[in-house]
Amino acid sequence: MTTPEADLVFVPLGGLGEIGMNMALYGYGPPKARKWLMVDCGLGFPGPEAPGVDLVFADIAFVEKIARDLVGICITHAHEDHIGGLATLWPRLKCRVFATPFAAGLLEVRRLNEPGAPKIDISLTHAGAKLDLDPFEVEYVAVAHSIPEANALAIRTPLGLLVHTGDWKIDPQPGVGTRIDEARLRALGDEGVTALICDSTNILREGDSFSEADVARTLRTLIAEAPGRVLVTTFASNIARLRGIGEAAQACGRTVVVAGRAMDRAIQVARDCGYLDGLPGFHAPELLPTLPRDKTVVIATGSQGETRAAMARAAVNEHPAIKLVAGDRVIFSSRVIPGNAREVLRVINALCDIGVEVITDHDHLVHCSGHPRRGEVTQMYEWIRPQIAIPAHGEAHHLTAHAAFAKSHGVSQVVSARNGDIVRLAPGAPGIIGKAPHGRLMPCATACASLSPASFPSRWRSTARASLSAIRTSSSPGCRSAANSAKRWAKSLTRRCSRLSRDCRVRAAATPTPFRRRLSARCAARCRPSGARSRPCM
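Residues numbered from 1 in each chain as written. Predicted model: local features only at pLDDT ≥ 70, side-chain atom pairs only at ≥ 80, totals over all residues. Heavy atoms only, no water.

1. Observations regarding the pattern of salt bridges
Right, on to step 1. With the rule as written, the count across this model stands at 23 salt bridges.
Right, on to step 2. Among the ionic pairs, Glu18 bridges to Arg440, the shortest N-O distance being 3.4 Å. Of the two residues, Glu18 sits in the loop between β1 (7–14) and β2 (23–29) while Arg440 sits in strand β23 (residues 440–443), which places them 422 residues apart along the sequence.
Right, on to step 3. One salt bridge in this structure joins Arg186 and Glu182, with 2.9 Å as the shortest N-O distance. One end of the pair, Arg186, and the other, Glu182, are both in helix α5 (residues 182–191), 4 residues apart, so they sit about a helical turn from each other.
Right, on to step 4. Residue class for Arg186 comes out partly exposed when judged on its relative accessible area of 40%.
Right, on to step 5. Through salt bridges with shared partners, a single ionic network connects Glu137, Glu139, Arg156, Arg184 and Glu191. (Salt bridge = Lys/Arg side-chain N within 4 Å of Asp/Glu carboxyl O. Helix = DSSP H or I, 4+ residues; strand = E, 2+ residues; numbered from the N terminus. Buried < 20%, exposed > 50% of the residue type's maximum accessible area, 1.4 Å probe, protein only.)

2. Side note on the sheet that holds strand β3 (residues 35–39)
Right, on to step 1. Taken together, 8 strands build an open sheet; the order of strands is β8-β7-β6-β3-β2-β1-β21-β22 and the sheet is mixed. In the strand order of this sheet, the two ends are held by β8 (122–124) and β22 (431–435), each with one partner. Here the strands of the sheet are splayed against their neighbours by 25° on average, with no regard to which way each runs.
Right, on to step 2. Where helix α3 (residues 86–93) meets the sheet, its contacts fall on β2, β3, β6 (70–74) and β7 (97–99), and the angle it forms with β6 comes to roughly 170°.
Right, on to step 3. Those strands touched by helix α4 (residues 101–113) are β7 and β8, and its axis lies near 150° from that of β8. (Pairing = 2+ DSSP bridges. Axes fitted to C-alpha atoms, helices over the stretch in contact; angles between N-to-C directions. Contact = heavy atoms within 4.5 Å.)

3. Brief notes about the side chain of Asn419
Right, on to step 1. Relative to the elements of secondary structure, Asn419 occurs in the loop between β20 (413–414) and β21 (421–426).
Right, on to step 2. For Asn419, a relative accessible area of 10% puts it in the buried group.
Right, on to step 3. In terms of polar contacts, Asn419 uses its side chain to reach the backbone amide nitrogen of Gly14, at 3.4 Å.
Right, on to step 4. In this structure Asn419 touches Pro12, Leu13, Gly14, Gly15, Leu16, Glu18, Lys435 and His438, once residues within four positions along its chain are discounted. (Polar contact = N/O pair within 3.5 Å; in protein donor to acceptor, adjacent residues only side chain to side chain.)

Shown next as structure tokens:
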């Protein structure tokens, strides 16, 4: 009997088709007996297609099927779109997780602050470490990014060497952490790289990204020149940015106050890891009333306009300690994540109404990306010289542009993969050979349910009921006309929900995976047809 030939495959389950929710698998062995390595386990943020859902995770039905052959999960860095799914999904897998001290520290601090969060089996690793995860050898290679301890992974297998970049950039002065290890990446290229799986987030932008040191110099000038209180909002995980703000405040004789739980947690871990050594301690907002306005810098969460974050509450004078007045300066040291523009603009308008000066990255260099532009990606291809290129970490537009970019830089074999594709890397010519179950999961009260049309009808019915409640309070002719239109819309929406509920039950019965069938059936049961009492899927 002929033994099936071993092959090497790549299976993305998240991050290839959207920004965020990063999760990928590498498999080696005969098709029915492969060993698997998972890289990252992130979360994502849904759009308007999922009303009432705040977070989504990659569907791990496929991973559960091969869980006994999963040798480990390697985390590239500590951003939520790379580690945020662990607390929810790891209990279904319970394999070893490898992460650097900063990533492990953030996971542990979150666990201690969230009742019921699982204790994850984390093995600490670091840049330069090599992990023996038979049949894989995984080497952590330092890269610069907008968070400490970001790493690319060099994955060695009997059928070739793979380089998974994770998120990265080339920054000669990253502020905190290490620069990209160019020498090691060049050495990997000399060794011979079968495939490069590379970040595509900024592939649409020409040139090179700015340095974190450039941003720190701009912030120091803006803080020194401010006549009143300065409030800076930024991403909590950007420790280099927090250090730059702290150094600027120290140089100007200002006290730093921090507002926001996410910021407090990140700063706690950063101090434990030594990334804020040499800076005075930061203070709680309760100290603000005792400090002169021109001698304080407030670092606050809420750069994306989150309603309950410190920034948004201060903008409408609802924060118990942070009070802003005309002449104060607010700096948005961040970029607007697609989909958040309306919320951010709402906060900016509220600040302008009270006479606060607002500065964004449109006005000054107060933010830089942690992802490479085309100039930096060119250097990566020159260092690695891969036989195969697979664009990753991006929406369809990014991935398509990156595929053309790779071909123009001499890579003859480019695979344009999407979530769920099973990509054969070796032996033979690379290509997509199948499809793995994939999709999105949304958190429920006690578990996770598939995020599909099956989960939406009850939400739509809730919206319809709210509209009908408003209709009953209408009395004027104009209101009655609008109410009649809304009523017709609501009835149409309810009929659509009923059809979707029936369709969901049909699909659930046809789904081959038992776990997904149970989830879909549960969701369909909750999304009852019009006229029955419905319950939300959350």
